[in-house]
Amino acid sequence: MTTYLITGAKPYGGDAADILLKDGRIAAVGESLSATGAEVIDAGGLIALPGLVDLHTHLREPGREDAETVETGSRAAALGGFTAVHAMANTDPVADTAGVVEQVWRLGEQAGLVDVVPVGAVTVGLKGERLAELGAMADSAARVRVFSDDGHCVADPALMRRALEYVKALDGVVAQHAEEPRLTAGAQMHEGDRSARLGLTGWPAAAEEAIIARDVLLAGHVGARLHICHVSTAGSVELLRWAKARGVQVTAEVTPHHLLLTDACAESYDPVFKVNPPLRTDEDIAALRQGLADGTIDAVATDHAPHAVEDKESEWAQARPGMLGLEQALSVVVETMVETGLLDWQGVADRMSVRPAAIGRLDGHGRPLAPGEPANLLLLDASTRAPVDPAALASRSRNSPYAGRELPGRVVATFLRGTPTVLDGKATR
């Protein structure tokens, strides 16, 4: 294994230091390091952070390899600075058995660009009727610890309670897509004055908040861990704050697009801005940013949702919801949280690496940049700004909501256990 000497990097944006990577681990951090035979990487001015961990990625394989594969999604993730991603269960077939989660895990191992961590379905076929093989998935080679019907809500409260009880015994977590389906039938965008004016059926904030309120009570009752996917409303932040103050074991994530974009994007009727949950208001964005800053929201998760052209480039009502997110996630966080003074680089590492790794029970990720730790890290040039070109993205799909938008920051290098997956801003394989 090649030894790498990274010179002049700024760990967590602090003072410049050299970082020596050897045998898959950080061998030393300090000034004027040297190592015979090491490959030297000049990182002068670059910020070093722990490798990012995504709790919420759609890799589409098996079943929709026309939109994304484990390999292409892994490459996009590495280019975004990620060293681990959780692959959601809404594939075809659904990842509701040990066989399917092991297939996804092995595809990730073969790609070798990031650690692909399968998420197991909570219910068989995501149908919300009976529990999937939770124990078998947990005991499989994939070692599943996060379970989610994402894309669908576990709407039955009795079934949700049973899932929380079962997963508690596995030291796992249920990640809930918070959407009361009876309140969102036919919904196309955030419910408000704008949806009424545009003639699009609204998705009320209460549909998200009602499920969060119910589920934090259930989680508190059974003493289980609960994770809330893609929080999007100010009311949700308040509910999470209330639950955490009472000791409920609840964590939550926010997506980059919900930190940056509002329902005003729907004015164009461009379906690239159609997403579930929908883009909300300026007031919601302010609450989400503050919730992420104060720790009420634990993590940034991409909800990377690639779609084939025929599923996205159509009339708004027929288009599938979802956006690309892996390659621009860190840039959006820099713009919305760092440049606004809401988070420092330690905070970015905490919300995009440390806490997501803890929630997913991932060993070796989210660790400090310190001697003896696994060499999972990224180097970021935070001084650059460039427009996003969807045609240049590694994803097999092109549905980026940031097309043409100038965003700050560029991932220059990513290392997975001491092996570069990205160098000079390009994937190594």
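Predicted, not measured: the structure shown is a model, and the values here were computed from it. (Residues numbered from 1 in each chain as written. Predicted model: local features only at pLDDT ≥ 70, side-chain atom pairs only at ≥ 80, totals over all residues. Heavy atoms only, no water.)

Remarks on the overall build of the protein chain
And then number 1: Helix and strand counts for the protein chain stand at 12 helices and 19 strands.
And then number 2: Relative to its length of 429 residues, the protein chain is compact, with a C-alpha radius of gyration of 21 Å against a globular reference of 22 Å.
And then number 3: Projecting the C-alpha coordinates of the protein chain onto the three principal axes gives extents of approximately 65 × 45 × 45 Å.
And then number 4: Burial status across the protein chain gives 62% buried among its 429 residues. (Helix = DSSP H or I, 4+ residues; strand = E, 2+ residues; numbered from the N terminus. Rg over C-alpha atoms; globule rule 2.2 N^0.38 Å. Buried < 20%, exposed > 50% of the residue type's maximum accessible area, 1.4 Å probe, protein only.)

Description of the UniProt feature "active site" (unreviewed entry) in the protein chain
And then number 1: Cross-referencing UniProt, the feature "active site" (unreviewed entry) maps to D303 in the present numbering.
And then number 2: Positionally, D303 belongs in the loop between β15 (299-300) and α10 (309-312).
And then number 3: Those residues in contact with D303 that lie beyond four places of it in its chain are H56, H58, D150, H230, T255, H257, N276 and M323. (UniProt positions renumbered as here; feature names shortened; annotations may be inferred. Contact = heavy atoms within 4.5 Å.)

Here's the deal with the environment of L324
And then number 1: Among the secondary structure elements, L324 is positioned in the loop between α10 and α11 (329-338).
And then number 2: In this structure the C-alpha to C-alpha distance between L324 and P390, which are 66 residues apart in sequence, comes to 9.4 Å.
And then number 3: The contact partners of L324, leaving out residues within four places of it in the chain, are H304, A305, P306, L393, S395, S397, R398, N399, S400, P401 and Y402.

What about the packing of aromatic side chains?
And then number 1: Within the structure shown, the criterion is met by one aromatic pair.
And then number 2: A centroid spacing of 5.5 Å and a plane angle of 65 degrees characterise the contact between Y4 and F415, whose relative ring orientation is edge-to-face. Of this pair, Y4 sits in strand β1 (residues 4-11) while F415 is found in strand β17 (residues 406-416), placing the two residues 411 residues apart along the sequence. An identical accessibility class is assigned to Y4 and F415; each is buried. (Phe/Tyr/Trp six-rings, centres within 6.5 Å; stacked < 30°, edge-to-face > 60°.)

Digging into the side chain of R225
And then number 1: Inspection of the secondary structure puts R225 in the loop between α6 (205-222) and β13 (226-228).
And then number 2: As a buried residue without a salt bridge, R225 has its nearest oppositely charged side chain in D171, at a separation of 4.6 Å.
And then number 3: Engagement of the side chain of R225 in a polar contact is seen with the backbone oxygen of D171, the distance being 3.4 Å.
And then number 4: A distance of 3.5 Å separates the side chain of R225 from the backbone oxygen of G172, its partner in a polar contact. (Lys, Arg positive; Asp, Glu negative; His and termini not counted. Salt bridge = Lys/Arg side-chain N within 4 Å of Asp/Glu carboxyl O. Polar contact = N/O pair within 3.5 Å; in protein donor to acceptor, adjacent residues only side chain to side chain.)

Details of the sheet that holds strand β6 (residues 52-57)
And then number 1: Ordered by their spatial adjacency, three strands build an open sheet running β6-β7-β8, and the pairing between neighbours is parallel. With one partner strand each, in any of the chains shown, β6 and β8 (115-118) form the two edges of the open sheet. Going across the sheet, the axis of each strand differs from the next one's by a mean of 20 degrees, ignoring polarity.
And then number 2: Two strands pair when backbone bridges link them, and strand β7 (residues 82-87) and β8 are joined in this way by four bridges, in the parallel orientation. Paired with H86 across the bridge in β8 is V117.
And then number 3: Strands in contact with helix α12 (residues 345-359) are β6 and β7; relative to β6, the strand with the most contacts, it is inclined by about 55 degrees. (Pairing = 2+ DSSP bridges. Axes fitted to C-alpha atoms, helices over the stretch in contact; angles between N-to-C directions.)

Here we look at the UniProt feature "domain: Dihydroorotase catalytic" (unreviewed entry) in the protein chain
And then number 1: As recorded in UniProt, the sites labelled "domain: Dihydroorotase catalytic" (unreviewed entry) are residues 47-234.
And then number 2: For residues 47-234, helix accounts for 36% and strand for 18%, while the C-alpha atoms at its two ends are 32 Å apart.

Some details on unusual backbone geometry
Residues other than glycine predominantly adopt negative phi, and peptide bonds predominantly adopt the trans conformation.
And then number 1: Omega for the peptide link from E61 to P62 comes to 10 degrees, which places this bond in the cis form.
And then number 2: For P62, the position within the fold is in the loop between β6 and α1 (70-79).
And then number 3: Positive phi is not limited to glycine here, since S32 has a value of about 55 degrees.
And then number 4: Here S32 is to be found in the loop between β3 (25-30) and β4 (39-42).
And then number 5: Positive phi, close to 50 degrees, is recorded for D303, a residue that is not glycine.
And then number 6: For D303, a relative accessible area of 7% puts it in the buried group.

What to know about the packing of α11 against α12
And then number 1: Running from amino to carboxyl end, α11 crosses α12 at an angle of 130 degrees, the nearest separation of the two axes being 11 Å. For the element pair α11 / α12, the angle class is oblique. Note that α11 runs across α12; the crossing there is right-handed. Across from A329, L330, V333, V334 and V338 in α11, the residues of α12 making contact are W345, V348 and M352.
And then number 2: Across the contact of α11 with α12, the residue classes break down as eight nonpolar, no polar and no charged. (Parallel < 35°, antiparallel > 145°, perpendicular 65-115°, else oblique. Left-handed = near helix turned anticlockwise from the far one by under 90°. Nonpolar A, V, L, I, M, F, W, Y, C, P; charged D, E, K, R; others polar.)

Comments concerning α6
And then number 1: The first and last C-alpha atoms of α6 sit 26 Å apart over 18 residues, in line with the 26 Å expected at 1.5 Å per residue.
And then number 2: Within the span of α6, buried status applies to A207, E208, E209, I211, I212, R214, D215, V216, L218, A219 and V222.
And then number 3: Taken together, the buried residues of α6 touch α4 (157-169), β10 (173-176), β12 (202-203), β13, α7 (234-245) and β14 (250-254).
And then number 4: Count one or two residues on from α6 and you reach G223, which has phi positive near 70 degrees. (Expected span 1.5 Å × (residues − 1).)

As for the pattern of salt bridges
And then number 1: Under the definition given, this model contains 23 salt bridges.
And then number 2: As a salt-bridge pair, D171 and R361 come within 3.1 Å of each other at their nearest N and O atoms. Linking D171 in the loop between α4 and β10 with R361 in the loop between α12 and β16 (377-387), this pair joins segments that are 190 residues apart in sequence.
And then number 3: On the basis of relative accessible area, D171 is assigned to the partly exposed category, the value being 39%.
And then number 4: Note that R214 and D215 form a salt bridge whose closest N and O atoms lie 2.7 Å from each other.
And then number 5: The exposure class assigned to D215 is buried, which follows from its relative accessible area of 0%.
And then number 6: Through salt bridges that share partners, K244, D298, D350, R351 and R355 make up one connected network.

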